Amino acid sequence: MTTRVPVSDPSRAALALREELADVFERFLASGRYILGSEHAAFETEFAAFVGVGHCIGVASGTDALELALSAVGCRRGDAILTASNCGAYTTGTARRRGFRVRFADVDPETLGLSRPTIEEALSPDIRAVVVTHLYGLLADIERIAALCRDRGIALVEDCAQAAGARRNGRRAGSFGDAATFSFYPTKNLAALGDGGAVTTDRPDVAERVRSLRQYGWDRKYRVSLRGGQNSRLDELQAAVLRTRLGRLDEWNERRRSIVDRYAKALAPDVGRFVALEGEDYVAHLAVVVSEDREALRSAFDSA
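Reading guide: rules and limits
- Residues numbered from 1 in each chain as written.
- Predicted model: local features only at pLDDT ≥ 70, side-chain atom pairs only at ≥ 80, totals over all residues.
- Heavy atoms only, no water.
- Salt bridge = Lys/Arg side-chain N within 4 Å of Asp/Glu carboxyl O.
- Helix = DSSP H or I, 4+ residues; strand = E, 2+ residues; numbered from the N terminus.
- Buried < 20%, exposed > 50% of the residue type's maximum accessible area, 1.4 Å probe, protein only.
- Pairing = 2+ DSSP bridges.
- Right-handed = clockwise from strand over helix to strand, strands pointing away.
- Core = buried A, V, L, I, M, F, W, Y, C linked by side-chain atoms within 4.5 Å.
- Contact = heavy atoms within 4.5 Å.
- Axes fitted to C-alpha atoms, helices over the stretch in contact; angles between N-to-C directions.

### As for the pattern of salt bridges
(1) Moving on: Counted under the stated rule, the structure contains 24 salt bridges.
(2) Moving on: Note that E44 and R214 form a salt bridge whose closest N and O atoms lie 3.0 Å from each other. Of this pair, E44 sits in helix 3 (residues 38-51) while R214 sits in the loop between helix 8 (204-213) and strand 10 (218-220); the two residues are 170 residues apart in sequence, bridging distant segments of the chain. Across the pair, exposure class does not vary: E44 and R214 are buried alike.
(3) Moving on: Of the charged contacts, one joins D250 and R172 as a salt bridge, the two residues approaching to 3.0 Å between their closest N and O atoms. Linking D250 in helix 10 (residues 249-265) with R172 in strand 7 (residues 171-172), this pair joins segments that are 78 residues apart in sequence.
(4) Moving on: One network of salt bridges, in which partners are shared, links R27, E39, E46 and R243.

### Thoughts on the pairing of strand 4 (residues 127-133)
(1) Moving on: Across the 7 residues that make up strand 4, a large majority, 6, are buried.
(2) Moving on: In this structure, strand 2 (residues 80-84) lies alongside strand 4, joined through 3 bridges in parallel fashion. Looking across to strand 4, one finds that A80 is bridged to I127.
(3) Moving on: With 5 bridges connecting them, strand 4 and strand 5 (residues 155-159) associate as parallel partners. By the bridge assignment, V130 is partnered in strand 5 with L156.
(4) Moving on: Chirality of the crossover, the property in question, places the unit of strand 4, helix 7 (residues 142-152) and strand 5 among those that are right-handed.

### Overview of unusual backbone geometry
(1) Moving on: Located in the positive-phi region is L36, a residue other than glycine, with phi close to 50 degrees.
(2) Moving on: Residue L36 is classed as partly exposed on the basis of its relative accessible area, which comes to 22%.
(3) Moving on: One non-glycine residue with positive phi stands out, namely L112, at about 65 degrees.
(4) Moving on: Here L112 lies in the loop between strand 3 (101-105) and helix 6 (116-122).

### A closer look at helix 4 (residues 62-72)
(1) Moving on: Among the 11 residues of helix 4, 10 are classified as buried, and the element is accordingly described as predominantly covered.
(2) Moving on: Every buried residue of helix 4 is accounted for by G62, D64, A65, L66, E67, L68, A69, L70, S71 and A72.
(3) Moving on: Once helix 4 ends, the next one or two residues include G74, with phi positive near 110 degrees.

### Things to note about the nonpolar core
(1) Moving on: If you look at the biggest cluster of nonpolar residues, it comprises 62 residues, and the most contacted ones within it are F47, I119, V130, V132 and F184.
(2) Moving on: Looking at this core, the elements that each hand over two or more residues are helix 3, strand 2, strand 4, helix 7, strand 8 (179-183), helix 9 (236-246), helix 10 and helix 11 (294-302).
(3) Moving on: Setting aside chain neighbours within four positions, we find F47 in contact with C56, F182, F184, L190, T200 and L246.
(4) Moving on: In terms of nonpolar packing, the next biggest core, distinct from the first, is built from 24 residues, A65, L66, V157 and A179 among them.

### Quick look at the sheet that holds strand 2
(1) Moving on: In space, the 7 strands of this open sheet follow the order 1-9-8-5-4-2-3, with mixed pairing throughout. Two strands lie at the open edges of the sheet, namely strand 1 (55-59) and strand 3, each paired on one side alone. When strand polarity is set aside, the average angle formed by the axes of neighbouring strands in this sheet is 25 degrees.
(2) Moving on: The strands touched by helix 3 are strand 1, strand 8 and strand 9 (197-201); relative to strand 1, the strand with the most contacts, the crossing angle is about 130 degrees.
(3) Moving on: Here helix 7 sits on the sheet and contacts strand 4 and strand 5; the angle it forms with strand 5, its principal contact strand, is near 155 degrees.

### Regarding the environment of F104
(1) Moving on: Secondary-structure assignment places F104 in strand 3.
(2) Moving on: Here F104 falls in the partly exposed class, since its relative accessible area comes to 44%.
(3) Moving on: Expressed as a C-alpha distance, the spacing of F104 and A155, which sit 51 residues apart in the sequence, is 16 Å.
(4) Moving on: In contact with F104, not counting residues within four places along its chain, are L82, T83, A84, S85, G88, T92 and A122.

Here you go:
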């Protein structure tokens, strides 16, 4: 009888921290502050320090984070956004909701992510921002892409939904662009017990605009100073859960890499190759194999 292995089982991670999360719930219930309270403020401070940037702004989802970040770096209705052809659905939906136009760049055949050459080939004078997704938990060619965007005066937004904790040359995902976005959906490496997201940035002006836009465009209560604001706040309970889990993220990412390594050892080079295997710039959100022969690949894993 075949044993089915679920693609994801968020309950395992939650139940492993049952006692700590129970304490979180009690603290949350007793606080009497359920939106933009002390847990939320503490998480923003702690996650900004973890990523290595000056600012973190909690929002309701990763999709909202991307929408607000693009607006905050200066994109306006009619502007063109460049993103990857193989993971552009979320960027496309977000951009079109704001009235942006979307263009697609090809990806590097080895990493399946954007690279400086693929972006250079697709750039046109009307591109206002580039969105780089660190797909599968592997940092893209982000340092060279950041240099290209700086040279061309184009805003760079990192989509780190799959790459929380990834690090290259001492810098983490979310610290390379003008802004970066994170999703804390329950299947992510750093997961809430519901929806949640964040924008990180080292630019005070971007941070100020995101904080305003996430709450109706207010600069103070009931006074709208920015158009395009919405109600998108990371709630206090999810912030408390994320604080509890953040300290374990590096350990959990290392565990993920070790699991992918076990699969890799069962795979002969002539059957297929893993897109990424090791190194701190890969946090193993997904284990992705490129193969020309699906049945040979299936057989190799079945016999391992």
